Amino acid sequence: MLFEVLIIGGGPGGLTAGLYTSRARLSSLLIEKAIPGGQVATIEWVENYPGFDEGVAGFDLSQKMENQAKKFGLEIIQGDVSDIKVEGNIKKVSLEDGQTFEAKSIILAVGASPRLLNIEGETKYRGKGVSYCATCDGAFFRDKKIAVIGGGSSAIQEAIFLTRFAEVVYIVHRRDELRAEKVLQERAFSNPKIKFIWNSVPEKIDGADTVESLHVKNVKTGEAAPLEVQGVFIYIGYNPSTEFLKGLVRLDEQSYIITDDNMATSAPGIFAVGDVRSGSVKQISTATGDGTVAAINAEKYIEENF
Ligand code: NAP
């Protein structure tokens, strides 16, 4: 089946691109691996997306974006893209389940996935105390002790959220200064349930059937000690989901997709938007902006090449 635009990934960048291409009356299919909304759907409360002065639940925001795009004709299916091949001007997309689609243009909005700590116990206790999603798993830790790893906006925002459930939230950070947005830092510093463990890195997650402790080492003193916790939430950044794109589009040294100002990749007719794009500041508002730019330029590409 030939579409004019095929969008891979249903986060804010992909959904906005779909909104614009559908309104331009281009036949548009969006393929999403999990649920539309991407990472945003898992954020409890979004406070910095313009237009929502009281903030908005991440899940509601993504549902609104999805409904808005569908209203204008965007088709959305669930599927995992395994391969893209270019034959002449036509792009051929294969899914893991064997389905194939063709498109005149592709917009890559594949985002990024949580970076792993790669320490002992991380894989063993995944789903048994180790988590990468506070909104999904936080409620299992009512009155429990939790460690959050990282000092960026994700770690601090989610640590604050977890104080709703936990008795105490330890933020374990490898430096003595946070990277997070200042307003989040202020909230964390004044939250009595949050305790900081500075200059420290996790070395091992231990337990029986579920997590019972996190072994933490102070990088300044070299001292190591187990911290009694039942939950370990890991927020140490994200890796771009570009493994299946190697050889198709140019990637930077960290495997993010290189684009120009039009969101065009090195492959004609293939665009990239949002967190997967090299140089992205990884905000919902910039992903939607990228989606708009890519959609308008995809339309132009189709007009000029077909
Ligand atoms: P990030 O900003 O890259 O922060 C990752 C954190 O993890 C850093 O504090 C880093 O320490 C630490 N870290 C990295 N590797 C580590 C390792 N192996 N062991 C221990 N610690 C490690 O990632 P993020 O917080 O997920 O944010 C990603 C992007 O999304 C950012 O651009 C951010 O602004 C944006 N974001 C925004 C909001 C918001 O606006 N409210 C919310 C969430 C995310 P160092 O600081 O020492 O490097």
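Residues numbered from 1 in each chain as written. Predicted model: local features only at pLDDT ≥ 70, side-chain atom pairs only at ≥ 80, totals over all residues. Heavy atoms only, no water.

Enquirer: Mind showing me how you'd approach the pairing of strand S2 (residues 28-32) here?
Expert: Along any regular strand the residues' side chains alternate between the sheet's two faces. With five of five residues buried, S2 is to be regarded as a mostly interior element. Taking every second residue as pointing to the same face, both faces of S2 are buried, with Ser 28, Leu 30 and Glu 32 on one and Leu 29 and Ile 31 on the other. Looking at chain direction, strand S1 (residues 2-8) and S2 are connected through four bridges and run parallel. Counterpart to Val 5 in the pairing with S2 is Ser 28. Crossover connection from S1 via helix H1 (residues 12-23) to parallel S2: handedness right-handed. Bridge count between S2 and strand S3 (residues 75-78): four bridges; the pairing is parallel. Looking across to S3, one finds that Leu 29 is bridged to Glu 75. In the classification by handedness, the crossover that spans S2, the intervening helix H2 (residues 58-71) and the parallel S3 is right-handed. (Buried < 20%, exposed > 50% of the residue type's maximum accessible area, 1.4 Å probe, protein only. Helix = DSSP H or I, 4+ residues; strand = E, 2+ residues; numbered from the N terminus. Pairing = 2+ DSSP bridges. Right-handed = clockwise from strand over helix to strand, strands pointing away.)

Enquirer: Looking at this model, I keep getting lost on the pairing of S1. Mind explaining?
Expert: Of all seven residues in S1, five are buried, a share of seventy percent or more. As paired elements, S1 and strand S6 (residues 100-108) share six bridges and run parallel to each other. By the bridge assignment for S6, Leu 2 is matched with Glu 102.

Enquirer: Please clarify how the domain arrangement of the protein chain should be interpreted in this entry.
Expert: Accessible area lost on assembly of the parts is the figure often given for the size of an interface. Partitioning the protein chain into structural domains gives domain 1 (2-113 + 238-305) and domain 2 (130-234). Placing a centre on the C-alpha atoms of domain 1 and another on those of domain 2 gives a separation of 32 Å. With seven residues of domain 1 in contact, the opposing surface of domain 2 contributes nine residues. Surface buried jointly by domain 1 and domain 2 totals about 590 Å² across both partners, of which 40% is contributed by carbon and sulfur atoms. Ranking the residues of domain 1 by area buried against domain 2 places Thr 42, Glu 44 and Glu 47 at the top, with a combined share of 66%. Across the domain 1-domain 2 interface, the total number found is two salt bridges. Applying the counting rule to domain 1 against domain 2 returns four residue pairs in polar contact (both at pLDDT 80 or more). When its residues are assigned to classes, the side of domain 1 that touches domain 2 shows three nonpolar, two polar and two charged. (Domains from an automatic or database assignment. Contact = heavy atoms within 4.5 Å. Buried area = accessible area lost by both parts, 1.4 Å probe. Salt bridge = Lys/Arg side-chain N within 4 Å of Asp/Glu carboxyl O. Polar contact = N/O pair within 3.5 Å; in protein donor to acceptor, adjacent residues only side chain to side chain. Nonpolar A, V, L, I, M, F, W, Y, C, P; charged D, E, K, R; others polar.)

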